Amino acid sequence: MTPPAPDQRAVRRWLSGLASGNRRWIQGTVAAGTLAGVATIIQMVFLARIVHLGVIEKAPASVLAPLFIGLVLAIVFRACAHGVQAHLAARCSEQVRRTARRQIHQHWRNIGPLALGQISAGSHAREWIDHVDALHGYFARFLPQLTLSLVIPLLILLLVFYLDWLAGIFLLLSAPLIPFFMALVGMGAEKLNQQHFETISRLSGQFLDKVRGLTTLQLFGQTEGAAEVIQQRSDHYRRITLKTLRVAFLSSAVLEFFASVAIAVIAIYIGFGLLGYITYGPSSDLTLFSGLLILLLAPEFFQPLRTLSQHYHDRAAALGAGAEILARLGNEETAGPDNSTQAENLGAQPVTGEPVAGHEAIELNSVSLAFRSGHQVLNNVSLAIGKGEVIALTGPSGGGKSTLLNLLAGFIAPNSGNLHLFGRPAGSFAFGWLGQSGFLVHGTWADNLRLTSPDASDVAIETALRNVGLGPLLDSREDGIFSKVSEDGLGLSGGQARRLSLARIFVADYDVILLDEPTAGLDSDSEIFVLEALHKLALAGKTLIFSTHHHALLALANRVLLVSGGEVKDV
């Protein structure tokens, strides 16, 4: 389900909040940019003075040498200031993006894997990488330039008014045209950038889904249809991108036109004033020094505004990306136990890890959960499970077995009631989990087992693999625990991949282990190995809770619970 787009004011508040925590970096960037602007003014003063003395007063080299040295020093100082400005801007952007990713990561943790699984992995990747990276230009370039576009032109304007007030009026009258047209163009750019991010997010998700299901598509002869869908989405993305580029080129052309016209007007005034054709106002007092200095400063007067117009598209991109990010983060604020839709029920609130004193059992007190109105999956369930018990959940498909496991894991929150695992809220401490499909990452067997135990030794990893019946396969592999495996388990059978995931539980040594249909879809040999592994965990005193229809697993349990019709009762 696509989350509703937040109000633009909310996006701006979110961006302002990110900026407030990194204000010193932004202020440092502005200070360095201001010093670079002052150095530019000094550079132009030295250059105009050198030309005036050399051409009009025929000054000797001994007089011009100190001015040349000052000019070189101003150029060097300007370059150094620009370097410091770029460094501080990059640090500011880095801190902001780190904060944004921390918020996204916290949101992912809060809503849990069940809700995350309803959103395409491509969309998650776009949010984490591209959407967050789109904030770079806004904080590194636009925000500092917004202040610099006021400070530097104001300094130049004061100097030009001091030299020639009529030239200063020309600059003052032409300056507002650039921000005015920049704002007009920017209104359309914001909407286009938001459409751009929405389109590429959908395209990324669809492309990834088609690649993952390529084998299925081939078996059913649907590859041509899938390719056509991707082509249509790609063409739509192309059109949106071209619209964005058209707006960018249009805005640049408009701004360059007005800046060029303003500079041309000043150049005509200076030229005719020096030639004596204009006698109005201060034109009769113009010299080569003052006239040349005004001409040199005129482009520098417009340069911060032109730079701001270029970075204005960074603002539009940040607003578009921020709207997408905030729309996703907003689900966490709106989700709660009183909502009736499935997506809202999946939005579990953050839990604290404070234990409840005196509790040494898993307890559910009057827990109710409904994914939609009038359909109670669990209805006023109260249950106690002792430490070290082996519990089998059985019942008809859709009866609520997986839902109960997800509640115990803290992946979803109940509509009413409460539950605690040994005095702690669900999801507030580490536990073992094995879903209906094992999770693997591209790498080695050791890499996959170290996902939950980064410090696990090679010996511990090998022992865990043998505990789940992968010893013979391990001995047959030349690379041992460093054998390669892909995220789809290439090189392993379905049962071997499931047992590789189960081995993580042995490495991490969890006290509570939740398993959802651990033997579903396995061959008889793999089932035996999984049963033996679970028996070892039970003998070790672990609390096992699993859903199953398998008779051998039911025999392994010392307590069987029937989950059906919203009720949970002993068999």
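Structure first, text after, so check above.
Caption draft 1: Examining the side chain of Asn-22 more closely. Relative to the assigned elements, Asn-22 resides in the loop between helix 1 (8–20) and helix 2 (23–55). Classification of Asn-22 by relative accessible area gives buried; the value is 6%. For Asn-22, the side chain forms a polar contact with the main-chain oxygen of Leu-18, separated by 2.9 Å. Residues within four places of Asn-22 in sequence aside, it is in contact with Cys-92, Gln-95 and Val-96.

Caption draft 2: Seen up close, the sheet that holds strand 9 (residues 512–516). Reading across from one edge, 6-9-10-3-11-12 is the order of the six strands in this open sheet, with mixed pairing throughout. Edge positions in the open sheet fall to strand 6 (432–434) and strand 12 (567–570), since each of these has one partner strand only. Between one strand axis and the next, the sheet turns by 15° as a mean value, whatever way the strands run. Set on the sheet, helix 16 (residues 494–508) makes contact with strand 6 and strand 9; between it and strand 6 the angle comes to about 170°. Together, strand 3 (390–394), strand 9 and strand 10 (543–547) form the strand contacts of helix 17 (residues 524–539), whose direction differs from that of strand 10 by roughly 145°.

Caption draft 3: Quick look at the environment of His-375. Structurally, His-375 can be placed in strand 2 (residues 375–386). Overall, the relative accessible area of 34% leaves His-375 in the partly exposed class. Expressed as a C-alpha distance, the spacing of His-375 and Gly-566, which sit 191 residues apart in the sequence, is 9.0 Å. Excluding residues that lie within four positions of it along the chain, His-375 makes contacts with Leu-369 and Ala-370.

Caption draft 4: Inspection of the pairing of strand 4 (residues 416–421) at higher detail. Of the pairings in the sheet, the one linking strand 1 (residues 361–372) to strand 4 comprises five bridges and is antiparallel in character. Bridging across to strand 4, Ile-362 finds its partner in Leu-421. The pairing of strand 4 with strand 5 (residues 424–425) spans two bridges and is antiparallel. Across the sheet, residue His-420 finds its bridge partner in strand 5, namely Pro-425. Counted between consecutive antiparallel strands, the loop separating strand 4 from strand 5 contains two residues, among which Phe-422 sits at a positive phi close to 55°.

Caption draft 5: Structural detail: the environment of His-131. For His-131, the position within the fold is in helix 4 (residues 121–133). Along the sequence, His-131 and Ala-318 sit 187 residues apart, while their C-alpha atoms lie 8.1 Å from each other.

Caption draft 6: Region of the structure containing the packing of helix 16 against helix 17. Interaxial distance between helix 16 and helix 17 falls to 10 Å at its minimum, and their mutual angle equals 10°. Taken as axis vectors, helix 16 and helix 17 run roughly parallel relative to one another. Contact residues: helix 16 offers Gly-495, Gln-496, Arg-499, Leu-502, Ile-505 and Phe-506, while helix 17 offers Ser-526, Phe-529, Val-530, Ala-533, Leu-534, Lys-536 and Leu-537.

Caption draft 7: Looking closely at the pairing of strand 10. Within strand 10, five of the five residues are buried, which leaves it mostly tucked inside the rest of the structure. Residues of strand 10 alternate between two faces, with Thr-543, Ile-545 and Ser-547 on one and Leu-544 and Phe-546 on the opposite face, all of them buried. Across four bridges, strand 3 lies against strand 10 in parallel orientation. Bridge pairing links Leu-393 to Ser-547 in strand 10. Here five bridges tie strand 9 to strand 10, and the two strands are oriented parallel to one another. Counterpart to Asp-516 in the pairing with strand 10 is Ser-547. After leaving strand 9, the chain enters helix 17 and then returns to the sheet as strand 10, a path that is right-handed.

Caption draft 8: Seen up close, the side chain of Thr-40. Position of Thr-40 relative to the elements: it lies in helix 2. Among the residues examined, Thr-40 registers a relative accessible area of 6% and is labelled buried.

Caption draft 9: Here's a closer look at the packing of aromatic side chains. Under the criterion given, the structure shown has eight aromatic pairs. Centroid distance Phe-272 to Tyr-277: 5.7 Å. Interplanar angle 70°. Geometry classified as edge-to-face. Assessed through its relative accessible area of 39%, Phe-272 is described here as partly exposed. Centre to centre, the rings of Phe-411 and Phe-431 are 6.1 Å apart; their planes meet at 50°, and the pair counts as tilted. Placement of the pair is Phe-411 in the loop between helix 12 (401–409) and strand 4 and Phe-431 in the loop between strand 5 and strand 6, with a sequence separation of 20 residues. In this pair, the class of Phe-411 matches that of Phe-431, namely buried. Aromatic rings pair up to connect Tyr-138, Phe-139 and Phe-142 into one cluster. Sitting over the ring of Phe-289, Arg-49 keeps its end group 5.7 Å from the ring centre. Cation over ring: Lys-387 sits above Phe-422, and NZ or CZ is 5.6 Å from the ring centre.

The rules behind these values
- Residues numbered from 1 in each chain as written.
- Predicted model: local features only at pLDDT ≥ 70, side-chain atom pairs only at ≥ 80, totals over all residues.
- Heavy atoms only, no water.
- Helix = DSSP H or I, 4+ residues; strand = E, 2+ residues; numbered from the N terminus.
- Buried < 20%, exposed > 50% of the residue type's maximum accessible area, 1.4 Å probe, protein only.
- Polar contact = N/O pair within 3.5 Å; in protein donor to acceptor, adjacent residues only side chain to side chain.
- Contact = heavy atoms within 4.5 Å.
- Pairing = 2+ DSSP bridges.
- Axes fitted to C-alpha atoms, helices over the stretch in contact; angles between N-to-C directions.
- Parallel < 35°, antiparallel > 145°, perpendicular 65-115°, else oblique.
- Right-handed = clockwise from strand over helix to strand, strands pointing away.
- Phe/Tyr/Trp six-rings, centres within 6.5 Å; stacked < 30°, edge-to-face > 60°.
- Lys NZ or Arg CZ within 6 Å of the ring centre and 35° of its normal.

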